[in-house]
Amino acid sequence: MQSVRVLEVNENIVSMPSRQPGYIFYSLACMLYLTLDLMSYLYVYYIVDIHHFILSFSVFFFTTTYMITDIIVEVYGYRYARRLIWFGLICEAIFAVFIYIVGNLNFTVVSTNHINTILSQDIIRIFLSSLVTTPVGDFINSYAFSRWKIQLKGEFFSIRFICATTLGIVIYCILSHTTLFYGVLNFKQLCELIGSSILFKFIYITVCAIPAKYIMRVLKKADQIDQYDHNINYNPFSLK
């Protein structure tokens, strides 16, 4: 009887599927996403005029995170992008809390650190805005991109990239700029900032569609995967 049990255990072990190997570039994509995401914190209130575009300089960093999210959805699938979005927010929370605490400690100041003062005052507002607006824009973008890939059978990557990202950033810009700049800018300036940001981001992602297409192809070949999200749970609060 004991030998039979051992045999059954061994058969169960043999029949278990082998563990899926880790993807080569997925971790790098996540690190780049987080780096750009945190860089956007540093430049949120750095307002610039670029050929009559009134913009928060963070537009360059944060908009690029949408490109990374789309590539992850295209190559690895919606579930990987969903984890990235939530884990990114957890890292943002840790970053914001530590910056706030350190910035408000009463040390004897040896030299003035103006940047630290700005971050310690604004960091929590930036994080709370990101906590509300980032998932909304990112999940709308990721969901649309995933569904359109299935419907269009993986074709027309650039069109799907531009349309899905535009949908996400329009919603994100309206929500985030309102929460971040209400009381900082007057109503006219706020409307100009939102309009300029949406238009500039549209131009930016249209240009980025070309390199994104080639990066996507490299990742598919390197990691030997081209995920289609058939029969998955699109619930944004699930990490499975």
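Residues numbered from 1 in each chain as written. Predicted model: local features only at pLDDT ≥ 70, side-chain atom pairs only at ≥ 80, totals over all residues. Heavy atoms only, no water.

What to know about the confidence of the model for the chain
Phase 1 of the analysis: Per-residue confidence for the chain gives a mean pLDDT of 86, with 85% of residues at or over 70.
Phase 2 of the analysis: A low-confidence stretch, residues 1-20 stays under pLDDT 50, and its non-local contacts, those more than four residues away or across chains, total one contact. (pLDDT = per-residue confidence, 0-100. Contact = heavy atoms within 4.5 Å.)

Some points on the pairing of strand β2 (residues 53-56)
Phase 1 of the analysis: Relative to β2, strand β1 (residues 47-50) is paired through four bridges, and the arrangement is antiparallel. When the bridges of β2 are listed, Asp 49 appears paired with Ile 54.
Phase 2 of the analysis: Here β1 folds back onto β2, and the loop between the two strands holds two residues, one of which, His 51, carries a positive phi near 50°. (Pairing = 2+ DSSP bridges. Helix = DSSP H or I, 4+ residues; strand = E, 2+ residues; numbered from the N terminus.)

Looking at the pattern of salt bridges
Phase 1 of the analysis: Under the counting rule described, the total for this entry stands at five salt bridges.
Phase 2 of the analysis: Across the pair Arg 160 and Glu 74 runs a salt bridge, and its minimum N-O distance is 2.9 Å. Separated by 86 residues along the polypeptide, Arg 160 in helix α6 (residues 157-181) and Glu 74 in helix α3 (residues 59-75) bring together distant segments of the chain.
Phase 3 of the analysis: When its relative accessible area of 1% is taken as the criterion, Glu 74 is described as buried.
Phase 4 of the analysis: In this structure, Lys 220 and Glu 74 form a salt bridge, with 2.9 Å as the shortest nitrogen-oxygen distance. Taken as a pair, Lys 220 in helix α7 (residues 187-223) and Glu 74 in helix α3 lie far apart in primary sequence, 146 residues in all. Neither residue differs from the other here; Lys 220 and Glu 74 are each classed as buried. (Salt bridge = Lys/Arg side-chain N within 4 Å of Asp/Glu carboxyl O. Buried < 20%, exposed > 50% of the residue type's maximum accessible area, 1.4 Å probe, protein only.)

Considering unusual backbone geometry
Phase 1 of the analysis: Phi is positive for Phe 156, which is not a glycine, with a value near 60°.
Phase 2 of the analysis: Along the chain, the position of Phe 156 falls in the loop between α5 (114-151) and α6.
Phase 3 of the analysis: Of the residues examined, Phe 156 reaches a relative accessible area of 52% and is grouped as exposed.
Phase 4 of the analysis: Its identity is not glycine, yet Asn 231 carries a phi of approximately 55°, on the positive side.
Phase 5 of the analysis: Within the secondary structure, Asn 231 is located in the segment after α7.
Phase 6 of the analysis: For Asn 231, a relative accessible area of 83% gives the class exposed.

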